[in-house]
Amino acid sequence: MKILTIIVSYNFMPWIDKCLGSMIQSGYPTDILVLDNDSKDETVKTIRERYPQVRLIENHANLGFGKANNIGILLAIKEGYDAVLLLNEDAWLDTNTLERLAKVSLNHPEYGIISPIHLTGNGDKPEKGFATYTGIHEISGFPDTEIVQVPFIDAAIWMIRTDVLKKTGLFAPIFYHYGEDKDMANRMAYYHYKIGYVPSVFGYHDREFRPATRAHFIRSERVYHLSEYTNINYSFGKAFCMGILAIGKKTITSAIKGKWRNALIYTVMGFNLLSKSNEVAKARKISKNVELKNYEP
């Protein structure tokens with residue numbers, strides 16, 4: 001299996017050696033592509049000088065996570081790769097992980113997205129997001145099976161075969177940053193592909209230092225309802241209810257409880273999402289009638 005590892009970077013320096021080093025030292029061969037979203041630190045210079053084996057594409061603006069990854073995925077499809085490994089800049093793998101993911105992917109073609117267990121950056125416990133979606137909270141007692149199906153895994157470490165991407169489509173351009181992975185997972189379900197993790201291998205996602213803030217919560221609410229509005233597993237009517245009307249319900253509930261600030265935030269959120277209805281309809285159409293040219297920058 002010929003694999004292209006795709007890393008979208010923005011101010012990559014805190015993790016550059018761990019991330020790139022893990023892939024260069026991988027026990028299974030992979031070509032490495034970094035798509036830099038106009039970093040302001042020494043990322044580009046460092047890759048050029050210290051990692052000449054890494055292919056680098058410089059985007060002269062921050063294209064966001066999905067759009068930048070799409071450039072790499074389209075390149076992988078064009079150049080005949082069998083699969084891509086989408087790896088966050090703040091993530092890295094054990095040396096045996098990629099080989100195991102490749103083997104499991106071949107053994108289980110019904111899985112569209114495959115990932116290892118995600119540990120924290122220091123490796124002392126499962127990463128919080130991974131624990132939330134998988135129910136794995138300790139580094140022990142992992143299932144004794146080749147792969148475990150789950151409804152969702154964060155896109156920090158995703159292996160996807162290119163034949164799957166040709167059917168499901170790439171990241172929806174309507175998502176700039178956050179939510180695009182949930183939308184992709186929704187489309188995996190629509191096209192009857194499973195999502196799973198391999199309990200015998202590990203990756204590391206160094207994001208536990210990020211505090212949970214009100215701004216983070218608001219952003220999470222916004223992208224959640226956008227992903228519900230674009231969910232092609234729903235009829236458009238149900239999607240409208242789950243996206244727009246659900247925000248309206250939260251607005252009313254907040255007002256009844258006297259949480260006027262929350263009510264105002266949800267009101268603005270609802271009108272902003274409603275204003276995207278034409279874009280949402282287009283995104284839903286593209287996701288149901290996949291043509292790769294629709295994802296070209």
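From a predicted model like this one, the values you see are computed outputs, not experimental measurements. (Residues numbered from 1 in each chain as written. Predicted model: local features only at pLDDT ≥ 70, side-chain atom pairs only at ≥ 80, totals over all residues. Heavy atoms only, no water.)

Engineer: Honestly, helix α8 (residues 214-229) in this entry has me stumped. Any pointers?
Structural biologist: Turn by turn, an α-helix covers 3.6 residues, leaving residues three or four places apart pointing in a common direction. Between its first and last C-alpha atoms α8 spans 23 Å; for 16 residues at 1.5 Å apiece the expected length is 22 Å, and the two agree. Of the positions making up α8, those classed as buried are E221, V223, H225, L226, S227, E228 and Y229. (Helix = DSSP H or I, 4+ residues; strand = E, 2+ residues; numbered from the N terminus. Expected span 1.5 Å × (residues − 1). Buried < 20%, exposed > 50% of the residue type's maximum accessible area, 1.4 Å probe, protein only.)

Engineer: Any chance you could explain the packing of α8 against helix α9 (residues 236-256) here in plain terms?
Structural biologist: When two helices pack together, you describe them by how their axes are tilted relative to each other and by the distance separating the axes. One way to put it is that α8 packs onto α9 with a least axis distance of 7 Å and a crossing angle of 155°. In terms of orientation, α8 and α9 fall into the roughly antiparallel class. Of the residues in α9, those in contact with E221, H225, E228 and Y229 of α8 are F236, A239, F240, M242, G243, I244, A246, I247 and K250. Class assignment for the residues of the contact of α8 with α9 results in 8 nonpolar, 2 polar and 3 charged. (Axes fitted to C-alpha atoms, helices over the stretch in contact; angles between N-to-C directions. Parallel < 35°, antiparallel > 145°, perpendicular 65-115°, else oblique. Contact = heavy atoms within 4.5 Å. Nonpolar A, V, L, I, M, F, W, Y, C, P; charged D, E, K, R; others polar.)

Engineer: Whenever I open this one, the packing of aromatic side chains confuses me. Can you help?
Structural biologist: The description of two aromatic rings rests on the distance between their centres and on the angle between their planes. Taken as a whole and assessed by the stated rule, the structure comprises 9 aromatic pairs. Considering the side-chain rings of F65 and F171, the 5.6 Å spacing of their centres and the 65° angle between planes classify their relative orientation as edge-to-face. Of this pair, F65 sits in helix α3 (residues 65-78) while F171 sits in the loop between α6 (162-168) and α7 (180-190); the two residues are 106 residues apart in sequence, bridging distant segments of the chain. Residue classification places F65 among the buried residues on the basis of a relative accessible area of 12%. Among the residues examined, F171 registers a relative accessible area of 0% and is labelled buried. With a centroid separation of 4.7 Å and 75° between ring planes, the pair formed by Y133 and F152 is classed as edge-to-face. Here Y133 is found in helix α5 (residues 128-134), whereas its partner F152 is found in the loop between β7 (148-149) and β8 (157-161), with 19 residues between them in sequence. Cluster of aromatic residues (ring-pair linked, three or more members): F65, W158 and F171. (Phe/Tyr/Trp six-rings, centres within 6.5 Å; stacked < 30°, edge-to-face > 60°.)

Engineer: Is there a simple way to think about unusual backbone geometry in this case?
Structural biologist: Apart from glycine, the bulk of residues carry a negative phi angle, and the bulk of peptide bonds sit in the trans form. Despite not being glycine, N11 has its phi angle at roughly 55°, a positive value. With respect to the element layout, N11 can be found in the loop between β1 (3-9) and α1 (16-24). Its identity as a non-glycine residue notwithstanding, H192 has a phi of 65°, on the positive side. Along the chain, H192 falls in the loop between α7 and β9 (194-205).

Engineer: What's the story with the nonpolar core in this structure? I'm lost.
Structural biologist: Among soluble globular proteins, nonpolar side chains are generally buried collectively. By size, the foremost hydrophobic cluster in this structure holds 72 residues, and its most contacted members are L20, L85, W158 and I160. By residue number, the principal contributor to this core is α3, which donates 7 residues. Setting aside residues up to four positions removed in sequence, I160 forms contacts with A83, V84, L86, G112, I113, L165 and M188. Judged by nonpolar contacts, the second largest core, of 14 residues, contains A172, Y234, I244 and L273. (Core = buried A, V, L, I, M, F, W, Y, C linked by side-chain atoms within 4.5 Å.)

Engineer: Whenever I open this one, the pairing of strand β4 (residues 83-87) confuses me. Can you help?
Structural biologist: In regular strands, side chains alternate between the two faces of the sheet. In terms of burial, β4 is a largely internal element, 5 of the 5 residues being buried. Of the two faces of β4, the one lined by A83, L85 and L87 and the one lined by V84 and L86 are each fully buried. Bridge count between β1 and β4: 4 bridges; the pairing is parallel. When the sheet's bridge partners are listed, I3 is paired in β4 with A83. Relative to β8, β4 is paired through 5 bridges, and the arrangement is antiparallel. (Pairing = 2+ DSSP bridges.)

Engineer: Would you mind going over the pattern of salt bridges with me for this structure?
Structural biologist: Between side chains of opposite charge, a pair can form as their charged atoms come close. Counted by the stated rule, this structure contains 11 salt bridges. Between D17 and R50 there is a salt bridge, with the nearest N and O atoms lying 2.4 Å from each other. Taken as a pair, D17 in helix α1 and R50 in helix α2 (residues 43-50) lie far apart in primary sequence, 33 residues in all. A salt bridge links E127 to R207, with the shortest nitrogen-to-oxygen separation between them at 2.6 Å. Of this pair, E127 sits in the loop between β6 (111-120) and α5 while R207 sits in the loop between β9 and α8, and the two are 80 residues apart along the sequence. Using a relative accessible area of 25% as the deciding quantity, one classes R207 as partly exposed. Linked through salt bridges whose partners overlap, the residues forming this network are E127, D154 and R207. (Salt bridge = Lys/Arg side-chain N within 4 Å of Asp/Glu carboxyl O.)

Engineer: I'm lost on the packing of α1 against α2 in this one. Help?
Structural biologist: Between α1 and α2, the least distance of the axes is 12 Å, while the angle of their chain directions is 40°. Crossing hand, α1 versus α2: right-handed. In this structure, α1 uses I16, D17 and L20 to contact α2, whose residues at the interface are T43, T46, I47 and R50. Class assignment of the residues belonging to the contact of α1 with α2 gives a composition of 3 nonpolar, 2 polar and 2 charged. (Left-handed = near helix turned anticlockwise from the far one by under 90°.)

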